[in-house]
Amino acid sequence: KLTDADKKSLFDKVNVFPNPLYAYNPAVGYYADPNNPKNDEPYVTFSNLPEDFTIRIYSLSGLLLRTLPDDRIPLSSPFVNWDLTNKHGLRVASGMYLAVVTSPGLGDKVLKFAIIQPQKQIRRF
């Protein structure tokens, strides 16, 4: 069983990766392949999360984009993937973001991370 000091030590290690997310997530694939829609589903992973937590993701202007976990994110481990979408299901733009990880009894941890979305070519309009 973890002591309070152990829990605080683990909470200090909460992180987000890859940071920066540069156009793709290596776990998904590098080149956009029209036959593999998974290549266009980048995500970042929050790691070392405690049992009870909330992640609030903000733009640098202070706009709350998404709160995790939600009904789209199942919890099964100390890792949570964020699919780079806001609360309305729209993909966020390239830029800097803040994530505030809150856990009762452990406090808050602020994470800064960058997302650089791939350039899209629209073939037909």
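Refer to the structure presented above.
Read on for a plain summary of the structure.

Rules and cut-offs
- Every chain is numbered independently, its residues counted from 1 as its sequence is written.
- Totals for whole chains, interfaces and linings use all residues, but because this is a predicted model, local features are given only for residues with pLDDT of at least 70 and pairs of side-chain atoms are given and counted only at 80 or more.
- To get the side-chain values, all heavy atoms of the structure are used, and hydrogens and water are removed first.
- Ring geometry is summarised as follows: Phe, Tyr and Trp rings, the Trp one being its six-membered ring, pair when their centres sit within 6.5 Å, and such pairs are stacked at plane angles under 30 degrees, edge-to-face over 60 and tilted between the two.
- Two strands are said to pair when DSSP picks up at least two bridges between them.
- Numbering of helices and strands runs from the N terminus, with a helix taken as a DSSP run of H or I at least four residues long and a strand as a DSSP run of E at least two residues long.
- To obtain each axis, a line is fitted to C-alpha atoms, and for helices this fit is confined to the stretch in contact; angles are then taken between N-to-C directions over 0 to 180 degrees.
- Only protein chains enter the accessibility calculation, which uses a 1.4 Å probe. A residue is then buried if its area is under 20% of the maximum for its type, exposed if over 50%, and partly exposed in between.
- One speaks of a salt bridge when a side-chain nitrogen belonging to Lys or Arg is within 4 Å of a carboxyl oxygen belonging to Asp or Glu.
- Any pair of residues with heavy atoms lying within 4.5 Å of one another is described as a contacting pair.

**Structural notes on the packing of aromatic side chains**
Alright, step 1. Counted according to the given criterion, the structure contains four aromatic pairs.
Alright, step 2. Ring pairs connect the aromatic residues Phe46, Trp82, Tyr97 and Phe113, which therefore count as one cluster.

**A word on the sheet that holds strand β6 (residues 80-82)**
Each strand in a sheet pairs with its neighbour through backbone hydrogen bonds, running either in the same direction (parallel) or in the opposite one (antiparallel).
Alright, step 1. Strand order in the open sheet made by the three strands is β1-β3-β6, with antiparallel pairing throughout. Strands with a single pairing partner mark the edges of an open sheet, and in this sheet they are β1 (15-17) and β6. When the angles between neighbouring strand axes are averaged without regard to direction, this sheet yields 25 degrees.
Alright, step 2. Sheet topology places β1 next to strand β3 (residues 44-47); three bridges connect them, and they run antiparallel. Looking at the pairing, Phe17 lines up with Thr45 of β3.

**Let's talk about the pairing of strand β4 (residues 54-59)**
Alright, step 1. Burial along β4 is one-sided: Ile55, Ile57 and Ser59 are buried, while Thr54, Arg56 and Tyr58, pointing the other way, are not.
Alright, step 2. For β4 and strand β7 (residues 95-103), the ladder comprises six bridges, and the chain directions are antiparallel. From the neighbouring strand, Ser59 faces β7, where its bridge partner is Tyr97.
Alright, step 3. Sheet topology note: the β4/strand β5 (residues 64-68) ladder contains four bridges and is antiparallel. When the bridges of β5 are listed, Arg56 appears paired with Thr67.
Alright, step 4. Here β4 folds back onto β5 in antiparallel fashion, the turn holding four residues, of which Gly62 has a positive phi close to 95 degrees.

**Observations regarding the pattern of salt bridges**
Alright, step 1. Applying the stated criterion across every chain, the model contains two salt bridges.
Alright, step 2. One salt bridge in this structure joins Asp83 and Arg66, with 3.0 Å as the shortest N-O distance. Here Asp83, found in the loop between β6 and β7, pairs with Arg66, found in strand β5; they are 17 residues apart in sequence, far enough to count as distant.

**Considerations on the environment of Val80**
Alright, step 1. Assignment of secondary structure puts Val80 in strand β6.
Alright, step 2. Val80 sits 25 residues away from Ile55 along the chain, and the two C-alpha atoms are 9.6 Å apart.

**Here's the deal with the environment of Ile57**
Alright, step 1. Considering the arrangement of structural elements, one finds Ile57 in strand β4.
Alright, step 2. Distance in space between the C-alpha atoms of Ile57 and Leu98 is 5.8 Å, their sequence separation being 41 residues.
Alright, step 3. Once residues lying within four places of it in the same chain are set aside, the contact partners of Ile57 are Phe46, Leu63, Leu64, Leu65, Arg66, Leu68, Trp82, Leu98, Ala99 and Phe113.

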